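# Tertiary structure, described
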Amino acid sequence: MSRSDRDDLIFKALADSRRRAILDLLKDAPRTTGELCEHFEKTLDRCTVMQHLKVLEKAELVLSHKEGRTRWNHLNAAPIQDIHARWISGYATHAVKLLSKLKRDLEED
């Protein structure tokens, strides 16, 4: 898979607020699929949660393994860090430089 295809999968996965909510839940500790389904039981059915997990797994943002009948889901932050390094930090550095220059220019006047 090309880097561009991988980036597209990550951006697609992060584009949905429900998938970001799943990642937020996994930030502190791994959770079972059942726990994730319980968290969303008022807004999403189990099938929909599973579909979101599949998208997150395809983007390698969630890693899962089974222990008996229990499926554990773990956050994998490495793809997010890669996206930050490749896309966000470069733009942020440029923006900070522009803001610093603007501040200096305003202070000189």
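Predicted, not measured: the structure shown is a model, and the values here were computed from it.

## Overview of the packing of aromatic side chains
Per the stated rule, a full pass over the model turns up 1 aromatic pair. Consider the rings of Phe-11 and Trp-87, whose centres lie 6.4 Å apart with planes at 75°: the pair is edge-to-face. With Phe-11 in helix H1 (residues 3–14) and Trp-87 in helix H5 (residues 78–108), this pair connects stretches of sequence that are 76 residues apart. For Trp-87, a relative accessible area of 32% gives the class partly exposed.

## A look at helix H4 (residues 46–58)
Spanning 13 residues, H4 covers 18 Å between terminal C-alpha atoms, matching the ideal 18 Å at 1.5 Å per step. Turning to H4, its buried residues are Val-49, His-52, Leu-53, Val-55 and Leu-56. Buried residues of H4 fall within an arc of 155° about the axis and therefore sit on the same side. In H4, the exposed positions that point more than 90 degrees away from the buried face belong to Lys-54 and Lys-58. Between the side-chain oxygen at the start of H4 and the backbone nitrogen of Cys-47 there is a gap of 3.2 Å, and the oxygen is on Asp-45. Positive backbone phi, approximately 65°, marks Glu-60, located one or two places after H4.

The rules we used
- Residues numbered from 1 in each chain as written.
- Predicted model: local features only at pLDDT ≥ 70, side-chain atom pairs only at ≥ 80, totals over all residues.
- Heavy atoms only, no water.
- Phe/Tyr/Trp six-rings, centres within 6.5 Å; stacked < 30°, edge-to-face > 60°.
- Helix = DSSP H or I, 4+ residues; strand = E, 2+ residues; numbered from the N terminus.
- Buried < 20%, exposed > 50% of the residue type's maximum accessible area, 1.4 Å probe, protein only.
- Expected span 1.5 Å × (residues − 1).
- Arc of directions from axis to C-beta.
- Polar contact = N/O pair within 3.5 Å; in protein donor to acceptor, adjacent residues only side chain to side chain.

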